[in-house]
Amino acid sequence: MDELNLNNRRQFIKQSIYGSIGIIGLNSIPFDIFAKNDLVKITVLHTNDVHSHIDPFPENDPKYPGLGGVARRATLIKEIRSVEKNVLLLDAGDIYQGTPYFNKYGGELELKLMSQMGYDASTIGNHDFDNGLEGIVNQLHNANFPLLCANYDFSDTIMNGKTTAYKIFEKNGVKIGVFGIGIELDGLVDKKTYGNTIYQDPIEKAAQTAILLKKELKCDLIICLSHLGYSYQNKKVSDFVLAKQSRYIDLIIGGHTHTFLDKPVNVRNRDGQEIHICQVGWAGLKLGRVDFYFEQNGKKKRVDGSAMNVVKGIEERG
Amino acid sequence: MILIRGIFLHFILVLFFACSPKSKLSKIEQSNIELNSGNKEDSNVLKVIAPYKNKMKNEMEEVLIISESSAVKGDPEGTLGNIVSDIVLKQGNIKCAEAYIEKVDICLLNNGGLRTPLPKGAITTGKIFELMPFENQLVILTLSGKKTLSMFNYIAFQGGMPLAGATMTIKKGKATNILINNVAIDTSLTYRVITSDYLSNGGDKMNFFSSPQKTETLNNKIRDAIINYLRAENKKGNTLKPVLDGRIKFE
């Protein structure tokens, strides 16, 4: 199910990207008009579906020879933090399951390393249930960051009180609200592992949480960590569906479908405003990065955009 | 940023906001960074990993067999789906013979459950853990001919799945020309299908697996079945030969 319709998706992504370049092309004033110190830069780094891939893929791997690896990611994150003042490091779930590190140690090392790298938050993916709710609860002491989920009701389980819907980060006067959204468990995850966890409508819960973060808690930037999956050919709810239905969310950091989105996909939300969807494949092959620039004076500015290809990317997983 | 190797994308986007909150979002830049040998490894992280890695090193580095080529997923059939479903069918039948139970006709797995391709050359235990990380068990379901036909139509609807013991053609999203053990499907018969307990318990919503005529468990994890089969084949001096053989075709 993960990789359904990749061809359609590729085609679709292409169209979306060209579409977005077209829109940007309408704006003719270059962004150099900004005096640099007028802007506050928020750097969001993200991963998804790392699936216990601690070591790089071996050199004889047919698809990703020598790529990935947590130790490299740690250095890269450190380098970025040494240059950028306001960094958020986020994960969109499926931390667990995929290499013997999980079979042997149950996620202990994955969470320890994420803590060491300074992850700020993660959401919960379907495979994070693979050792049952106990498999999450018993490892939580290895994580110094919160698990965020707004649409799983854990109140009748041992997870009660172990997660929160959202967390607010304040960076240089910019308030950033981050919340999590999980995928439907029925038919995907064995019932005996998730027990009495109740899956609630992701669109509804995302809407409620986004309103709360925007209107009551006055967040300037709202990020959804989603494990719904990028898009599906059928009517199954996805990041794409959520983005179109949403308001107030600025960025969806997605997962589950292991989709390599080399550029963010821009969607108009229900108010006609742009929302961006990002996802960086799986296995820690890449680190995603999105930089947001905030004006502190509240004046509208027009900005020009450009797209550059610097180094050849890697193929999507087929 | 320039210091970091492997940045392959830099993209600047525009945003307008109608409302005026305290801090106004005015611009977004995006760049994904590939992690390759150009990225230095953090020595503190390597130090944390080392004891975990060393403790399982001997077990995970055992070479189970040599593969003559790599195996990857594909539609409607892939070398990976073919080789894994063949192995599970064969190992399942070894287990059936040991237990004096009737042999199985068909193996059906799901592409989502095959988590990594197999390389050419040495296949280690660690690689099989990556291929099949789940603790799923093998089950044998005895299905009516009608449910078996539904199964083939589901495979057709999916555009192909890892399948062994049968061949089929997908015509306009439906299964045709279905042969089981080289004989045309007969819906008045029952068929024995080996699969994972994940799929038989409702995973991927394969409804034809619900309420089968009989369910037998082999008390054997799929991963262990694969490992045992490969090790035994290697002892016999055999290699692994992943191939496409046209078992599932589009018309």
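Residues numbered from 1 in each chain as written. Chains lettered and ligands numbered in written order. Predicted model: local features only at pLDDT ≥ 70, side-chain atom pairs only at ≥ 80, totals over all residues.

Caption draft 1: Representation of the overall build of chain B within the structure. In terms of helices and strands, chain B carries six helices and 14 strands. On C-alpha atoms alone, chain B measures out to a radius of gyration of 23 Å, which is more than a quarter above the 18 Å that the 2.2 N^0.38 rule sets for 251 residues. In chain B, which comprises 251 residues, the share counted as buried stands at 46%. (Helix = DSSP H or I, 4+ residues; strand = E, 2+ residues; numbered from the N terminus. Rg over C-alpha atoms; globule rule 2.2 N^0.38 Å. Buried ≥ 20, exposed ≤ 12 C-beta atoms within 10 Å, placed from the backbone.)

Caption draft 2: Layout of the overall build of chain A. A count of helices and strands for chain A gives eight helices and 13 strands. Classification of the 318 residues of chain A by burial places 50% in the buried group. In chain A, once contacts between residues fewer than 6 apart in sequence are set aside, the share between residues at least 24 apart is 77%. (Contact = placed C-beta atoms within 7 Å.)

Caption draft 3: A look at the sheet that holds strand β13 (residues 214-221) of chain B. Residues and elements named next belong to chain B. What the five strands build is an open sheet, ordered β8-β5-β12-β7-β13; its pairing is mixed. Of all the strands in the sheet, just β8 (163-164) and β13 have a single pairing partner and so form its edges. Pairing between strand β7 (residues 137-144) and β13: five bridges, direction antiparallel. Bridge pairing in β13 places I140 opposite E216. (Pairing = 2+ DSSP bridges.)

Caption draft 4: How the structure looks around the sheet that holds strand β11 (residues 183-184) of chain B. Residue and element names in this part refer to chain B. Spatially, four strands are ordered β11-β10-β9-β14 in an open sheet, and the strand pairing comes out mixed. The open sheet has two free edges, formed respectively by β11 and β14 (248-250), since each of these has just one partner strand. Inspection of the sheet shows strand β10 (residues 174-180) paired to β11 by two bridges, in the antiparallel sense. Bridging across to β11, I180 finds its partner in V183. Sheet strands touched by helix α4 (residues 145-158): β9 (166-171) and β10. Its angle to β10, the strand with the most contacts, is close to 125°. (Axes fitted to C-alpha atoms, helices over the stretch in contact; angles between N-to-C directions.)

Caption draft 5: How the structure looks around the packing of helix α2 (residues 79-98) of chain B against helix α6 (residues 222-235) of chain B. Residues and elements named next belong to chain B. For the pair α2 and α6, the least separation of the axes is 9 Å and the interaxial angle reads 85°. With respect to each other, α2 and α6 are oriented roughly perpendicular. Taking contact as the criterion, the partners of V84, I87, V88, K90 and Q91 in α2 are, on α6, I222, A225, I226, N228 and Y229. Counted by class, the contact of α2 with α6 contains seven nonpolar, two polar and one charged residues. (Parallel < 35°, antiparallel > 145°, perpendicular 65-115°, else oblique. Nonpolar A, V, L, I, M, F, W, Y, C, P; charged D, E, K, R; others polar.)

Caption draft 6: The arrangement of the environment of G74 of chain B in detail. Following the sequence through the fold, G74 of chain B ends up in the loop between β4 (63-67) and α2. With 170 residues separating them along the chain, G74 of chain B and L244 of chain B place their C-alpha atoms 9.5 Å apart.

Caption draft 7: Region of the structure containing unusual backbone geometry. Residues and elements named next belong to chain B. Here the residue pair D75 and P76 is connected by a cis peptide bond, since its omega of -5° sits within 30 degrees of zero. Along the chain, P76 turns up in the loop between β4 and α2. The residue K205 is not glycine, and still its phi comes out positive at about 50°. Mapped onto the fold, K205 is located in the loop between α5 (197-200) and β13.

Caption draft 8: Layout of the nonpolar core. Formed by 88 residues in total, the largest nonpolar core has its most connected members in V44, V178, I223, L225, I252 and I277 of chain A. Beyond its immediate sequence surroundings of up to four residues, I252 of chain A is in contact with C224, S226, D239, L242, A243, I275 and I277 of chain A. (Core = buried A, V, L, I, M, F, W, Y, C linked by C-beta atoms within 7 Å.)

Caption draft 9: Molecular detail of the pairing of β7 of chain B. Here β7 of chain B pairs with strand β12 (residues 190-196) of chain B via seven bridges, running antiparallel. Each bridged residue has a counterpart across the sheet, and for L143 of chain B the counterpart in β12 of chain B is Y191 of chain B.

Caption draft 10: Structural detail: the pairing of strand β1 (residues 39-47) of chain A. Residue and element names in this part refer to chain A. Of the pairings in the sheet, the one linking β1 to strand β12 (residues 286-295) comprises eight bridges and is antiparallel in character. By the bridge assignment, H46 is partnered in β12 with G288. Examined bridge by bridge, β1 and strand β2 (residues 87-91) share five bridges and lie parallel to one another. Paired with T47 across the bridge in β2 is D91. Crossover handedness for the path β1 to helix α2 (residues 70-83) to β2: right-handed. (Right-handed = clockwise from strand over helix to strand, strands pointing away.)

Caption draft 11: Spotlight on the packing of helix α4 (residues 108-117) of chain A against helix α1 (residues 43-60) of chain B. Close contact between α4 of chain A and α1 of chain B brings their axes to 11 Å; oriented N to C, the two are set at 170°. Relative to α1 of chain B, α4 of chain A is oriented roughly antiparallel. Residue-level contacts link L109, K112, L113 and Q116 of chain A of α4 of chain A to V45, V48, I49 and Y52 of chain B of α1 of chain B. In terms of residue class, the contact of α4 of chain A with α1 of chain B is built from six nonpolar, one polar and one charged.

Caption draft 12: Main features of α2 of chain B. Residue and element names in this part refer to chain B. The terminal C-alpha atoms of α2 lie 29 Å apart, and with 20 residues this matches the ideal 28 Å at 1.5 Å per residue to within 8%. The element α2 is extensively covered by neighbouring structure, given that 14 of its 20 residues are classed as buried. At the exit of α2 stands Y100, carrying a positive phi of roughly 55°. (Expected span 1.5 Å × (residues − 1).)

Caption draft 13: Layout of α1 of chain B. Of all the bends in α1 of chain B, the largest measures some 40° and sits at N54 of chain B. Of the positions making up α1 of chain B, those classed as buried are V45, I49 and M60 of chain B. Residues of α1 of chain B that are buried make contact with α2, α3 (100-105) and α4 of chain A together with β6 (121-124) and α3 (125-131) of chain B. (Bend = angle between axes of the 7 residues up to and from the residue.)

Caption draft 14: Region of interest: the environment of T239 of chain B. With respect to the secondary-structure elements, T239 of chain B resides in the loop between α6 and β14. Not counting residues up to four positions away in its chain, the partners in contact with T239 of chain B are I65, I66, S67 and E68 of chain B.

Caption draft 15: Structural view of the environment of C219 of chain A. Residues and elements named next belong to chain A. Mapped onto the secondary structure, C219 falls in the loop between α7 (202-216) and β8 (221-226). In this structure C219 comes out as buried when scored by C-beta crowding, with 25 C-beta atoms within 10 Å. Measuring from C-alpha to C-alpha, the distance between C219 and H258 comes to 29 Å, with 39 residues separating the pair along the chain.

Caption draft 16: Spatial organisation of the confidence of the model for chain B. All names here are of chain B. Chain-level statistics for chain B give a pLDDT mean of 90 and a share of 91% at 70 or above. Counting interchain partners and residues more than four positions distant, the pLDDT-below-50 stretch residues 1-20 has 63 contacts. Confidence metrics for the complex model read pTM 0.84 and ipTM 0.83. (pLDDT = per-residue confidence, 0-100.)

Caption draft 17: The confidence of the model for chain A, seen in detail. Of all residues in chain A, 81% attain a pLDDT of 70 or more, and the chain-wide mean is 85. Confidence over residues 298-318 of chain A falls short of pLDDT 50; this stretch has 53 contacts with residues more than four positions distant or in other chains.

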